[in-house]
Amino acid sequence: MGSTAFAVFLPLALALVMFGLGLTLTVDDFARVLRYPAAAAIALVCQMVVLPAVCLGLILLFRVEGALAVGMMLLAAAPGGPSANLFSHIAGGHVALNITLTAVNSVLAVFTMPLVVALSYTVFLDGDGSIGLRPDKFAQVFAIVLVPVALGMWVHRRFTDWALRMRGAVKVLSIVVLALVVTAAVAKNFETLTEHLGELAALCLVFAVLSLTVGYFAPRLFGVDDDQAVASAMEIGIHNGAIAIAVAVSVLHNDTMAVPGAVYGVLMNIPAAAAAYLLARRRKPERATATV
């Protein structure tokens, strides 16, 4: 896929994914934070503070440098991906809480992603950190992330029956589009990918495992119910690689920064599926005991 075609396709693909997310959301999904304050607060702190710190430590451990390091930090700051709800459902998680966390994270990402990029530029590129804090960068991230979501929410409210009928199809289409985005990013940056595949694959796998682990055990340490902790694990452990790729290419105009998102988009399914299987299997005896 040529550079021009990719540059046009990518924002449109992400807009479709975020529009699909908006079709599943209502204002009540944001208000649900008040019903589960502990679970939501812990998950959001993990997402915005703990995971970037974990990612930074792994970058230093694996000695990843330059634009690839910035790309990893961008991925760490990205909100949960659409497949988080699916994995949470398989694992017996609180899917409604997943929807709420995705909604809130998507809003917060408009502010946290430029901030993380600014700090990452300063640390890894010795460049002007203000690149991530310029108003035009905020505006571009806002347009990429929130405008399609808001449009989807408006359609849901105005044409509720149609939106409800389309939810399943749009969710499947979103996952297909995400796969296409990741595939296109891999193809476009194949040389960079092959040069750094070993370190990036290991880094992304370890980061995915640690994200899932933190997402589950941090809420449990504070007494959050198990199904809510499962939802937190999937939301925090499954990042939206497409947003990271889109911001790298469309906002920061740096294809290399998109490579970590592409690698993660492929590999994160392995630990996510394993975690969903183990959590679902562990919860079966608990449910059987509860019904006796």
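Up top you'll find the structure we're talking about.
Residues numbered from 1 in each chain as written. Predicted model: local features only at pLDDT ≥ 70, side-chain atom pairs only at ≥ 80, totals over all residues. Heavy atoms only, no water.

### Quick look at the nonpolar core
Thinking step 1. Counting 81 residues, the largest nonpolar core has Ile-59, Met-234 and Ile-245 as the members making the most contacts within it.
Thinking step 2. Met-234 has contacts with Ala-84, Phe-87, Ser-88, Ala-91, Asn-98, Leu-212, Ala-272, Ala-275, Ala-276 and Leu-279, leaving out every residue within four places of it along the chain.
Thinking step 3. Listed in part, the 15 residues of the second largest apolar core include Leu-44, Leu-51, Leu-97 and Ala-231. (Core = buried A, V, L, I, M, F, W, Y, C linked by side-chain atoms within 4.5 Å. Buried < 20%, exposed > 50% of the residue type's maximum accessible area, 1.4 Å probe, protein only. Contact = heavy atoms within 4.5 Å.)

### Structural notes on the packing of helix 4 (residues 66-77) against helix 6 (residues 95-125)
Each packed pair of helices is defined by two parameters, the angle between the axes and the distance between the axes.
Thinking step 1. Where helix 4 meets helix 6, the axes come as close as 9 Å, and the angle between the chain directions of the two elements is 155°. In terms of orientation, helix 4 lies roughly antiparallel with respect to helix 6. For the crossing formed where helix 4 meets helix 6, the hand is right-handed. Residues Gly-66, Ala-67, Ala-69, Val-70, Met-73, Leu-74 and Ala-77 of helix 4 form the contact with helix 6, whose own contacting residues are Ala-109, Thr-112, Met-113, Val-116, Val-117, Ser-120, Tyr-121, Phe-124 and Leu-125.
Thinking step 2. Of the residues belonging to the contact of helix 4 with helix 6, the class tally is 13 nonpolar, three polar and no charged. (Axes fitted to C-alpha atoms, helices over the stretch in contact; angles between N-to-C directions. Helix = DSSP H or I, 4+ residues; strand = E, 2+ residues; numbered from the N terminus. Parallel < 35°, antiparallel > 145°, perpendicular 65-115°, else oblique. Left-handed = near helix turned anticlockwise from the far one by under 90°. Nonpolar A, V, L, I, M, F, W, Y, C, P; charged D, E, K, R; others polar.)

### Description of helix 9 (residues 190-221)
Three- or four-residue spacings in an α-helix give side chains the same orientation, since the helix completes a turn every 3.6 residues.
Thinking step 1. A maximum bend of about 75° is found in helix 9 at Leu-197.
Thinking step 2. At the exit of helix 9 stands Gly-223, carrying a positive phi of roughly 80°. (Bend = angle between axes of the 7 residues up to and from the residue.)

### Overview of unusual backbone geometry
Thinking step 1. In this structure, Arg-63 takes a positive phi of about 60° despite not being glycine.
Thinking step 2. In this structure, His-253 takes a positive phi of about 55° despite not being glycine.
Thinking step 3. Mapping His-253 onto the fold places it in the loop between helix 11 (241-251) and helix 12 (259-267).
Thinking step 4. A relative accessible area of 60% places His-253 in the exposed class.

### Quick notes on the pattern of salt bridges
Thinking step 1. Summed over the entire model, instances satisfying the criterion amount to two salt bridges.
Thinking step 2. The salt bridge involving Asp-226 is made with Arg-220; its shortest N-O contact spans 3.9 Å.
Thinking step 3. The class of Asp-226 is buried, set by a relative accessible area of 11%. (Salt bridge = Lys/Arg side-chain N within 4 Å of Asp/Glu carboxyl O.)

### With respect to the side chain of Ser-250
Thinking step 1. Mapped onto the secondary structure, Ser-250 falls in helix 11.
Thinking step 2. By relative accessible area, Ser-250 is classed as buried at 17%.
Thinking step 3. Residues contacting Ser-250, with those up to four places away along its chain left out, are Leu-10, Pro-11, Gln-140 and Ile-144.

### Let's talk about a nonpolar patch on the surface
Thinking step 1. On the surface, Leu-16, Val-172, Leu-173, Val-176 and Leu-180 cluster together into a nonpolar patch covering about 400 Å² of accessible area.
Thinking step 2. With four residues, the single largest contributor to the nonpolar patch is helix 8 (residues 160-188).
Thinking step 3. Locating Leu-180 in the fold gives a position in helix 8.
Thinking step 4. Using a relative accessible area of 45% as the deciding quantity, one classes Leu-180 as partly exposed. (Patch = residues over 30% accessible without salt bridge, like charges linked within 9 Å, V, L, I, M, F, W, Y side chains within 5 Å. Areas by Shrake-Rupley, 256 points an atom, 1.4 Å probe, with all protein chains shown as cover.)

### Brief notes about the packing of aromatic side chains
Thinking step 1. In total, this model carries three aromatic pairs according to the counting rule given.
Thinking step 2. Ring plane angle 85° and centroid distance 6.1 Å describe the contact between Trp-154 and Phe-159, whose orientation is recorded as edge-to-face.
Thinking step 3. By relative accessible area, which is 42% here, Phe-159 ends up partly exposed.
Thinking step 4. On the basis of an interplanar angle of 55° and a centroid distance of 6.4 Å, the ring pair of Phe-207 and Tyr-264 is categorised as tilted. Taken as a pair, Phe-207 in helix 9 and Tyr-264 in helix 12 lie far apart in primary sequence, 57 residues in all.
Thinking step 5. For Tyr-264, a relative accessible area of 0% translates into the label buried. (Phe/Tyr/Trp six-rings, centres within 6.5 Å; stacked < 30°, edge-to-face > 60°.)

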